[in-house]
Amino acid sequence: MAAAHAEHLEHHGPPAPHYSSRITPGVLGMFLFIASEVMLFGSFFTAYFFVRVVNGVPWPTPPFHLPIFVAFINTCILVTSSFTVHWALQSIKRGNVWGLRAGLLLTFLMGLSFLITQAIEYSRIGFNTGDGAFATIFFCLTGLHGAHVFVGLSILLFMTIRAFRGHFSAEHHHGVEIGGIYWHFVDVMWIIVYLTVYIL
Amino acid sequence: MRNPLRSEAEAFRFLMATIVGALVIAGAAYVNRWLGVAAAVIAVGGILWWLRDEPIPGSADPPRKIAAETPPGTHRVLVVANETVGGQALLETLGRIAQPGTELLVVAPALPSRVRHWASDVDGARADAERRLQETVSHLGSTGLTVRGEVGDDDPLLAIADALRTFGADEIVISTHPEGRSRWLEQDLVGKAAQRFALPITHVVVDLDAESSRASTGT
(Lines give C-alpha, C1' and ligand atoms only; values in the text may rest on other atoms or scores of the structure.)
Protein backbone atom coordinates (compact mmCIF):
# COMPACT_ATOMS: atom_id res chain seq x y z
CA MET A 1 0.00 0.00 0.00
CA ALA A 2 2.81 2.35 1.00
CA ALA A 3 4.70 1.41 -2.14
CA ALA A 4 1.61 2.15 -4.21
CA HIS A 5 1.30 5.57 -2.58
CA ALA A 6 4.97 6.28 -3.19
CA GLU A 7 4.55 5.30 -6.83
CA HIS A 8 1.48 7.52 -7.05
CA LEU A 9 3.34 10.50 -5.63
CA GLU A 10 6.50 9.94 -7.74
CA HIS A 11 4.63 9.65 -11.03
CA HIS A 12 5.36 12.52 -13.39
CA GLY A 13 3.94 13.42 -16.76
CA PRO A 14 0.72 12.20 -18.33
CA PRO A 15 -0.98 9.06 -17.04
CA ALA A 16 -0.20 5.70 -18.61
CA PRO A 17 -2.12 5.19 -21.86
CA HIS A 18 -5.44 3.44 -21.47
CA TYR A 19 -6.52 1.08 -24.27
CA SER A 20 -10.24 0.45 -24.23
CA SER A 21 -9.79 -2.33 -26.80
CA ARG A 22 -8.56 -5.76 -25.68
CA ILE A 23 -6.30 -5.88 -28.75
CA THR A 24 -2.81 -4.40 -28.39
CA PRO A 25 -1.96 -1.55 -30.78
CA GLY A 26 0.58 -3.75 -32.63
CA VAL A 27 -1.91 -6.52 -33.32
CA LEU A 28 -4.57 -3.96 -34.23
CA GLY A 29 -2.15 -2.41 -36.76
CA MET A 30 -1.49 -5.82 -38.34
CA PHE A 31 -5.24 -6.51 -38.36
CA LEU A 32 -5.97 -3.24 -40.20
CA PHE A 33 -3.15 -3.96 -42.63
CA ILE A 34 -4.58 -7.42 -43.37
CA ALA A 35 -8.06 -5.90 -43.77
CA SER A 36 -6.67 -3.62 -46.49
CA GLU A 37 -4.99 -6.65 -48.07
CA VAL A 38 -8.30 -8.52 -48.13
CA MET A 39 -9.81 -5.60 -50.05
CA LEU A 40 -6.89 -5.62 -52.50
CA PHE A 41 -7.32 -9.35 -53.14
CA GLY A 42 -11.07 -8.77 -53.32
CA SER A 43 -10.60 -6.36 -56.25
CA PHE A 44 -8.51 -8.96 -58.13
CA PHE A 45 -11.07 -11.69 -57.43
CA THR A 46 -13.77 -9.35 -58.76
CA ALA A 47 -11.82 -9.07 -62.02
CA TYR A 48 -11.52 -12.88 -62.07
CA PHE A 49 -15.28 -13.21 -61.53
CA PHE A 50 -16.08 -10.80 -64.38
CA VAL A 51 -13.69 -12.48 -66.80
CA ARG A 52 -14.74 -16.04 -66.02
CA VAL A 53 -18.42 -15.82 -65.03
CA VAL A 54 -19.81 -12.63 -66.57
CA ASN A 55 -17.83 -12.75 -69.83
CA GLY A 56 -17.68 -16.57 -69.95
CA VAL A 57 -14.01 -16.83 -70.89
CA PRO A 58 -13.06 -20.57 -70.96
CA TRP A 59 -10.86 -21.47 -67.97
CA PRO A 60 -8.14 -22.30 -68.88
CA THR A 61 -8.51 -20.96 -72.38
CA PRO A 62 -7.50 -23.68 -74.91
CA PRO A 63 -4.83 -24.65 -75.83
CA PHE A 64 -3.34 -23.69 -72.46
CA HIS A 65 -3.21 -25.96 -69.40
CA LEU A 66 -2.66 -25.19 -65.73
CA PRO A 67 -0.01 -27.20 -63.84
CA ILE A 68 -2.42 -28.39 -61.15
CA PHE A 69 -0.12 -31.03 -59.68
CA VAL A 70 2.88 -28.68 -59.29
CA ALA A 71 0.59 -26.10 -57.69
CA PHE A 72 -0.72 -28.81 -55.36
CA ILE A 73 2.84 -29.63 -54.24
CA ASN A 74 3.42 -25.91 -53.73
CA THR A 75 0.22 -25.74 -51.66
CA CYS A 76 1.47 -28.59 -49.46
CA ILE A 77 4.77 -26.76 -48.95
CA LEU A 78 3.04 -23.53 -47.95
CA VAL A 79 0.55 -25.24 -45.62
CA THR A 80 3.42 -27.13 -43.93
CA SER A 81 5.26 -23.83 -43.45
CA SER A 82 2.28 -22.55 -41.42
CA PHE A 83 2.65 -25.55 -39.13
CA THR A 84 6.35 -24.82 -38.62
CA VAL A 85 5.77 -21.14 -37.81
CA HIS A 86 3.08 -22.20 -35.33
CA TRP A 87 5.53 -24.70 -33.83
CA ALA A 88 8.17 -21.93 -33.60
CA LEU A 89 5.80 -19.71 -31.63
CA GLN A 90 4.68 -22.51 -29.33
CA SER A 91 8.36 -23.33 -28.69
CA ILE A 92 9.32 -19.82 -27.65
CA LYS A 93 6.24 -19.58 -25.44
CA ARG A 94 7.72 -22.52 -23.51
CA GLY A 95 11.17 -20.91 -23.56
CA ASN A 96 12.59 -23.30 -26.19
CA VAL A 97 14.82 -20.93 -28.19
CA TRP A 98 16.22 -23.66 -30.47
CA GLY A 99 12.69 -24.78 -31.33
CA LEU A 100 11.94 -21.18 -32.33
CA ARG A 101 15.08 -20.92 -34.46
CA ALA A 102 14.49 -24.28 -36.18
CA GLY A 103 10.80 -23.48 -36.79
CA LEU A 104 11.51 -20.07 -38.29
CA LEU A 105 14.38 -21.36 -40.43
CA LEU A 106 12.24 -24.21 -41.80
CA THR A 107 9.38 -21.78 -42.48
CA PHE A 108 11.70 -19.44 -44.35
CA LEU A 109 13.16 -22.26 -46.44
CA MET A 110 9.70 -23.60 -47.33
CA GLY A 111 8.49 -20.11 -48.24
CA LEU A 112 11.55 -19.70 -50.46
CA SER A 113 10.89 -23.11 -52.06
CA PHE A 114 7.32 -21.98 -52.81
CA LEU A 115 8.54 -18.82 -54.55
CA ILE A 116 11.23 -20.62 -56.54
CA THR A 117 8.74 -23.31 -57.61
CA GLN A 118 6.30 -20.62 -58.69
CA ALA A 119 9.01 -18.85 -60.69
CA ILE A 120 9.87 -22.14 -62.44
CA GLU A 121 6.16 -22.74 -63.07
CA TYR A 122 5.86 -19.28 -64.68
CA SER A 123 8.86 -19.95 -66.95
CA ARG A 124 7.43 -23.27 -68.21
CA ILE A 125 3.72 -22.56 -68.25
CA GLY A 126 3.55 -21.83 -71.99
CA PHE A 127 1.60 -18.55 -71.96
CA ASN A 128 2.27 -14.97 -70.93
CA THR A 129 0.37 -11.99 -69.56
CA GLY A 130 -0.57 -10.81 -73.08
CA ASP A 131 -2.25 -14.08 -74.10
CA GLY A 132 -5.83 -13.09 -73.33
CA ALA A 133 -7.91 -12.26 -70.29
CA PHE A 134 -7.44 -15.72 -68.76
CA ALA A 135 -3.64 -15.39 -68.80
CA THR A 136 -3.77 -11.82 -67.44
CA ILE A 137 -5.97 -12.73 -64.51
CA PHE A 138 -3.95 -15.88 -63.79
CA PHE A 139 -0.69 -13.93 -63.55
CA CYS A 140 -2.33 -11.07 -61.63
CA LEU A 141 -3.83 -13.33 -58.94
CA THR A 142 -0.90 -15.71 -58.52
CA GLY A 143 1.60 -12.84 -58.91
CA LEU A 144 -0.17 -10.72 -56.30
CA HIS A 145 -0.04 -13.64 -53.93
CA GLY A 146 3.63 -14.27 -54.81
CA ALA A 147 4.39 -10.65 -53.92
CA HIS A 148 2.79 -11.24 -50.54
CA VAL A 149 4.88 -14.35 -50.03
CA PHE A 150 7.94 -12.21 -50.81
CA VAL A 151 6.90 -9.66 -48.17
CA GLY A 152 6.23 -12.51 -45.74
CA LEU A 153 9.66 -13.96 -46.48
CA SER A 154 11.26 -10.59 -45.75
CA ILE A 155 9.45 -10.47 -42.40
CA LEU A 156 10.48 -14.09 -41.72
CA LEU A 157 14.09 -13.27 -42.55
CA PHE A 158 14.17 -10.50 -39.96
CA MET A 159 12.37 -12.71 -37.44
CA THR A 160 14.90 -15.51 -38.01
CA ILE A 161 17.89 -13.17 -37.69
CA ARG A 162 16.43 -11.75 -34.48
CA ALA A 163 15.76 -15.27 -33.19
CA PHE A 164 19.40 -16.26 -33.76
CA ARG A 165 20.56 -13.05 -32.06
CA GLY A 166 18.50 -13.94 -28.98
CA HIS A 167 15.93 -11.15 -29.20
CA PHE A 168 12.97 -13.36 -28.25
CA SER A 169 12.13 -15.07 -24.98
CA ALA A 170 9.17 -16.79 -23.33
CA GLU A 171 8.00 -13.37 -22.09
CA HIS A 172 8.88 -11.24 -25.15
CA HIS A 173 7.98 -12.74 -28.52
CA HIS A 174 5.54 -10.23 -29.96
CA GLY A 175 7.54 -10.00 -33.20
CA VAL A 176 6.98 -13.71 -33.84
CA GLU A 177 3.27 -13.45 -33.04
CA ILE A 178 2.70 -10.61 -35.54
CA GLY A 179 4.74 -12.26 -38.30
CA GLY A 180 2.92 -15.54 -37.66
CA ILE A 181 -0.47 -13.90 -38.16
CA TYR A 182 0.68 -12.47 -41.50
CA TRP A 183 2.12 -15.81 -42.64
CA HIS A 184 -1.13 -17.66 -41.85
CA PHE A 185 -3.04 -14.96 -43.74
CA VAL A 186 -0.80 -15.47 -46.79
CA ASP A 187 -1.41 -19.20 -46.50
CA VAL A 188 -5.21 -18.80 -46.31
CA MET A 189 -5.12 -16.51 -49.36
CA TRP A 190 -3.12 -19.09 -51.33
CA ILE A 191 -5.66 -21.82 -50.54
CA ILE A 192 -8.41 -19.54 -51.89
CA VAL A 193 -6.33 -18.65 -54.98
CA TYR A 194 -5.48 -22.32 -55.59
CA LEU A 195 -9.11 -23.41 -55.30
CA THR A 196 -10.51 -20.67 -57.55
CA VAL A 197 -7.76 -20.57 -60.19
CA TYR A 198 -6.66 -24.22 -60.41
CA ILE A 199 -9.47 -26.43 -59.05
CA LEU A 200 -12.88 -24.89 -59.73
CA MET B 1 -18.42 -12.43 -34.09
CA ARG B 2 -14.96 -13.70 -33.36
CA ASN B 3 -12.01 -12.02 -35.08
CA PRO B 4 -10.02 -14.88 -36.70
CA LEU B 5 -6.82 -12.82 -36.79
CA ARG B 6 -6.78 -11.71 -33.16
CA SER B 7 -3.67 -13.74 -32.40
CA GLU B 8 -1.37 -16.25 -34.08
CA ALA B 9 -3.18 -19.14 -32.40
CA GLU B 10 -6.54 -17.80 -33.66
CA ALA B 11 -5.13 -17.34 -37.19
CA PHE B 12 -3.78 -20.92 -37.09
CA ARG B 13 -7.20 -22.26 -36.09
CA PHE B 14 -8.76 -20.26 -38.92
CA LEU B 15 -6.21 -21.76 -41.31
CA MET B 16 -7.16 -25.26 -40.12
CA ALA B 17 -10.84 -24.50 -40.77
CA THR B 18 -9.89 -23.19 -44.24
CA ILE B 19 -7.93 -26.37 -45.01
CA VAL B 20 -10.90 -28.55 -44.01
CA GLY B 21 -13.19 -26.42 -46.19
CA ALA B 22 -10.69 -26.58 -49.09
CA LEU B 23 -10.53 -30.39 -48.89
CA VAL B 24 -14.34 -30.60 -49.06
CA ILE B 25 -14.41 -28.21 -52.04
CA ALA B 26 -11.61 -30.03 -53.88
CA GLY B 27 -13.32 -33.39 -53.30
CA ALA B 28 -16.63 -32.08 -54.60
CA ALA B 29 -14.98 -30.37 -57.60
CA TYR B 30 -13.28 -33.66 -58.47
CA VAL B 31 -16.74 -35.20 -58.94
CA ASN B 32 -18.26 -32.21 -60.70
CA ARG B 33 -17.18 -28.58 -61.07
CA TRP B 34 -20.60 -27.18 -60.13
CA LEU B 35 -20.73 -29.46 -57.12
CA GLY B 36 -17.41 -27.88 -56.14
CA VAL B 37 -18.93 -24.38 -56.47
CA ALA B 38 -21.87 -25.46 -54.30
CA ALA B 39 -19.44 -26.91 -51.74
CA ALA B 40 -17.49 -23.61 -51.78
CA VAL B 41 -20.65 -21.64 -51.00
CA ILE B 42 -21.54 -24.06 -48.18
CA ALA B 43 -17.97 -24.06 -46.83
CA VAL B 44 -17.77 -20.24 -46.75
CA GLY B 45 -21.17 -20.11 -45.04
CA GLY B 46 -20.07 -22.80 -42.56
CA ILE B 47 -16.86 -20.95 -41.67
CA LEU B 48 -18.78 -17.66 -41.20
CA TRP B 49 -21.34 -19.46 -39.02
CA TRP B 50 -18.51 -21.00 -36.97
CA LEU B 51 -16.88 -17.58 -36.50
CA ARG B 52 -20.21 -16.04 -35.51
CA ASP B 53 -20.97 -18.68 -32.88
CA GLU B 54 -17.47 -18.93 -31.44
CA PRO B 55 -17.34 -17.19 -28.07
CA ILE B 56 -15.01 -14.21 -27.91
CA PRO B 57 -12.08 -15.07 -25.60
CA GLY B 58 -12.45 -13.34 -22.25
CA SER B 59 -16.00 -12.14 -22.93
CA ALA B 60 -17.38 -14.33 -20.13
CA ASP B 61 -14.75 -13.16 -17.63
CA PRO B 62 -15.98 -10.87 -14.86
CA PRO B 63 -14.95 -7.27 -15.51
CA ARG B 64 -11.70 -6.18 -13.92
CA LYS B 65 -12.42 -3.97 -10.92
CA ILE B 66 -10.74 -0.59 -10.81
CA ALA B 67 -9.72 0.39 -7.28
CA ALA B 68 -8.40 3.92 -7.17
CA GLU B 69 -6.11 5.02 -4.36
CA THR B 70 -5.79 8.36 -2.69
CA PRO B 71 -2.81 9.83 -0.89
CA PRO B 72 -3.00 9.35 2.91
CA GLY B 73 -4.95 11.99 4.83
CA THR B 74 -7.09 13.06 1.90
CA HIS B 75 -10.71 12.39 1.09
CA ARG B 76 -11.71 12.52 -2.52
CA VAL B 77 -15.17 12.21 -4.01
CA LEU B 78 -15.92 11.66 -7.67
CA VAL B 79 -19.32 13.05 -8.69
CA VAL B 80 -20.94 11.97 -11.96
CA ALA B 81 -24.04 13.84 -13.01
CA ASN B 82 -25.86 14.82 -16.20
CA GLU B 83 -28.57 17.53 -16.30
CA THR B 84 -29.01 16.96 -12.56
CA VAL B 85 -25.57 18.38 -11.85
CA GLY B 86 -27.03 21.52 -10.23
CA GLY B 87 -29.91 19.72 -8.47
CA GLN B 88 -30.70 20.58 -4.85
CA ALA B 89 -30.70 16.93 -3.72
CA LEU B 90 -27.21 16.44 -5.13
CA LEU B 91 -25.87 19.61 -3.53
CA GLU B 92 -27.37 18.58 -0.17
CA THR B 93 -25.81 15.11 -0.42
CA LEU B 94 -22.43 16.58 -1.27
CA GLY B 95 -22.73 19.00 1.64
CA ARG B 96 -23.34 16.02 3.93
CA ILE B 97 -20.49 13.90 2.54
CA ALA B 98 -17.89 16.62 2.23
CA GLN B 99 -15.73 17.31 5.26
CA PRO B 100 -13.11 20.04 5.59
CA GLY B 101 -10.32 19.11 3.18
CA THR B 102 -12.48 16.99 0.90
CA GLU B 103 -11.60 17.24 -2.78
CA LEU B 104 -14.41 16.94 -5.30
CA LEU B 105 -14.17 16.15 -8.98
CA VAL B 106 -17.45 16.69 -10.80
CA VAL B 107 -17.68 14.88 -14.14
CA ALA B 108 -20.52 15.82 -16.45
CA PRO B 109 -20.69 13.43 -19.42
CA ALA B 110 -21.62 15.11 -22.69
CA LEU B 111 -25.11 14.03 -23.70
CA PRO B 112 -25.46 14.12 -27.50
CA SER B 113 -28.45 12.48 -29.18
CA ARG B 114 -27.84 9.04 -30.69
CA VAL B 115 -27.68 10.49 -34.22
CA ARG B 116 -25.22 13.19 -33.17
CA HIS B 117 -23.15 10.58 -31.32
CA TRP B 118 -22.82 8.44 -34.47
CA ALA B 119 -22.04 11.54 -36.54
CA SER B 120 -19.39 12.60 -33.98
CA ASP B 121 -21.24 15.92 -33.76
CA VAL B 122 -20.81 16.29 -30.00
CA ASP B 123 -19.53 19.87 -29.77
CA GLY B 124 -22.94 21.30 -28.76
CA ALA B 125 -23.49 18.61 -26.13
CA ARG B 126 -20.02 19.21 -24.70
CA ALA B 127 -20.64 22.96 -24.58
CA ASP B 128 -23.94 22.37 -22.69
CA ALA B 129 -22.19 20.04 -20.25
CA GLU B 130 -19.41 22.59 -19.80
CA ARG B 131 -21.94 25.33 -18.99
CA ARG B 132 -23.78 23.19 -16.41
CA LEU B 133 -20.46 22.20 -14.92
CA GLN B 134 -19.24 25.78 -14.56
CA GLU B 135 -22.37 26.77 -12.64
CA THR B 136 -22.11 23.80 -10.29
CA VAL B 137 -18.39 24.16 -9.69
CA SER B 138 -18.70 27.84 -8.88
CA HIS B 139 -21.65 27.11 -6.54
CA LEU B 140 -19.79 24.31 -4.71
CA GLY B 141 -16.62 26.39 -4.61
CA SER B 142 -18.52 29.20 -2.89
CA THR B 143 -19.33 26.79 -0.02
CA GLY B 144 -15.61 26.38 0.70
CA LEU B 145 -15.05 23.00 -0.94
CA THR B 146 -12.05 22.19 -3.12
CA VAL B 147 -13.74 21.34 -6.37
CA ARG B 148 -12.97 21.07 -10.05
CA GLY B 149 -14.97 19.87 -13.01
CA GLU B 150 -14.48 17.93 -16.23
CA VAL B 151 -16.67 17.13 -19.20
CA GLY B 152 -16.56 13.36 -19.62
CA ASP B 153 -17.21 10.77 -22.31
CA ASP B 154 -20.88 10.32 -23.24
CA ASP B 155 -20.65 6.75 -21.92
CA PRO B 156 -20.92 7.44 -18.15
CA LEU B 157 -19.07 4.21 -17.22
CA LEU B 158 -16.17 5.20 -19.45
CA ALA B 159 -16.30 8.75 -18.04
CA ILE B 160 -15.94 7.31 -14.50
CA ALA B 161 -13.09 5.00 -15.56
CA ASP B 162 -11.30 7.90 -17.29
CA ALA B 163 -11.69 10.15 -14.23
CA LEU B 164 -10.43 7.47 -11.83
CA ARG B 165 -7.22 7.11 -13.80
CA THR B 166 -6.21 10.67 -12.96
CA PHE B 167 -8.21 11.28 -9.78
CA GLY B 168 -7.89 8.62 -7.10
CA ALA B 169 -11.28 8.73 -5.36
CA ASP B 170 -12.50 7.26 -2.06
CA GLU B 171 -16.12 7.16 -3.18
CA ILE B 172 -18.34 7.84 -6.13
CA VAL B 173 -21.59 9.80 -6.20
CA ILE B 174 -23.87 9.17 -9.17
CA SER B 175 -26.73 11.58 -9.73
CA THR B 176 -29.64 10.63 -11.97
CA HIS B 177 -33.19 11.60 -12.84
CA PRO B 178 -35.94 9.55 -11.11
CA GLU B 179 -36.85 6.05 -12.32
CA GLY B 180 -38.78 6.16 -15.58
CA ARG B 181 -37.11 9.36 -16.78
CA SER B 182 -33.50 8.31 -16.48
CA ARG B 183 -31.69 6.63 -19.36
CA TRP B 184 -28.79 5.90 -17.01
CA LEU B 185 -31.08 3.95 -14.64
CA GLU B 186 -32.55 2.15 -17.62
CA GLN B 187 -29.01 1.09 -18.53
CA ASP B 188 -28.42 0.01 -14.89
CA LEU B 189 -25.51 2.44 -14.59
CA VAL B 190 -25.38 2.21 -10.79
CA GLY B 191 -25.32 -1.61 -10.80
CA LYS B 192 -22.69 -1.77 -13.53
CA ALA B 193 -20.53 0.82 -11.76
CA ALA B 194 -20.73 -1.23 -8.53
CA GLN B 195 -19.54 -4.28 -10.46
CA ARG B 196 -16.71 -2.49 -12.16
CA PHE B 197 -15.35 -0.15 -9.49
CA ALA B 198 -14.25 -1.33 -6.05
CA LEU B 199 -15.43 1.87 -4.36
CA PRO B 200 -18.50 2.81 -2.29
CA ILE B 201 -21.18 4.32 -4.52
CA THR B 202 -23.90 6.74 -3.44
CA HIS B 203 -26.86 7.09 -5.78
CA VAL B 204 -28.68 10.42 -5.63
CA VAL B 205 -32.02 10.88 -7.37
CA VAL B 206 -32.69 14.46 -8.44
CA ASP B 207 -36.23 15.33 -9.47
CA LEU B 208 -35.72 18.64 -11.27
CA ASP B 209 -39.45 19.05 -12.02
CA ALA B 210 -40.39 18.69 -8.35
CA GLU B 211 -37.59 21.05 -7.32
CA SER B 212 -38.66 23.73 -9.82
CA SER B 213 -42.36 23.43 -8.80
CA ARG B 214 -41.32 23.70 -5.14
CA ALA B 215 -39.26 26.77 -5.98
CA SER B 216 -42.13 28.39 -7.90
CA THR B 217 -44.56 27.83 -4.99
CA GLY B 218 -41.94 29.07 -2.56
CA THR B 219 -42.06 26.06 -0.26
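Everything quoted here is computed from the prediction, not taken from an experiment.

Attention shifts here to the overall build of chain A. Regarding its fold elements, chain A presents 6 helices and 0 strands. Along chain A, helices and strands appear, N-terminal first, in the series α-α-α-α-α-α. Taken over 200 residues, chain A has a buried fraction of 30%. Considering only contacts in chain A between residues 6 or more positions apart, those separated by 24 or more positions represent 77%.

On a plain count of helices and strands, chain B comes out with 9 helices and 5 strands. Counting the 219 residues in chain B, one finds 29% classified as buried. Of the contacts formed within chain B by residues at least 6 apart in sequence, a portion of 71% connects residues at least 24 apart.

Next up on the list: the sheet that holds strand S1 (residues 75-81) of chain B. Hydrogen bonds along the backbone pair up the strands of a sheet, which may run parallel or antiparallel. Residue and element names in this part refer to chain B. Taken together, 5 strands build an open sheet; the order of strands is S3-S2-S1-S4-S5 and the sheet is parallel. With partners counted over all chains shown, the strands left at the sheet margins are strand S3 (146-152) and strand S5 (201-205), one partner each. Each strand axis lies, on average, 20 degrees off the axis of its neighbour in the sheet, ignoring direction. Bridge count between strand S2 (residues 102-109) and S3: 7 bridges; the pairing is parallel. Across the sheet, the residue bridging to valine 106 is glycine 149, located in S3. Against the sheet, helix H3 (residues 88-97) touches S1, S2, strand S4 (171-176) and S5, its axis set at about 150 degrees to S5.

Reading guide: rules and limits
- Residues numbered from 1 in each chain as written.
- Chains lettered and ligands numbered in written order.
- Predicted model: local features only at pLDDT ≥ 70, side-chain atom pairs only at ≥ 80, totals over all residues.
- Helix = DSSP H or I, 4+ residues; strand = E, 2+ residues; numbered from the N terminus.
- Buried ≥ 20, exposed ≤ 12 C-beta atoms within 10 Å, placed from the backbone.
- Contact = placed C-beta atoms within 7 Å.
- Pairing = 2+ DSSP bridges.
- Axes fitted to C-alpha atoms, helices over the stretch in contact; angles between N-to-C directions.

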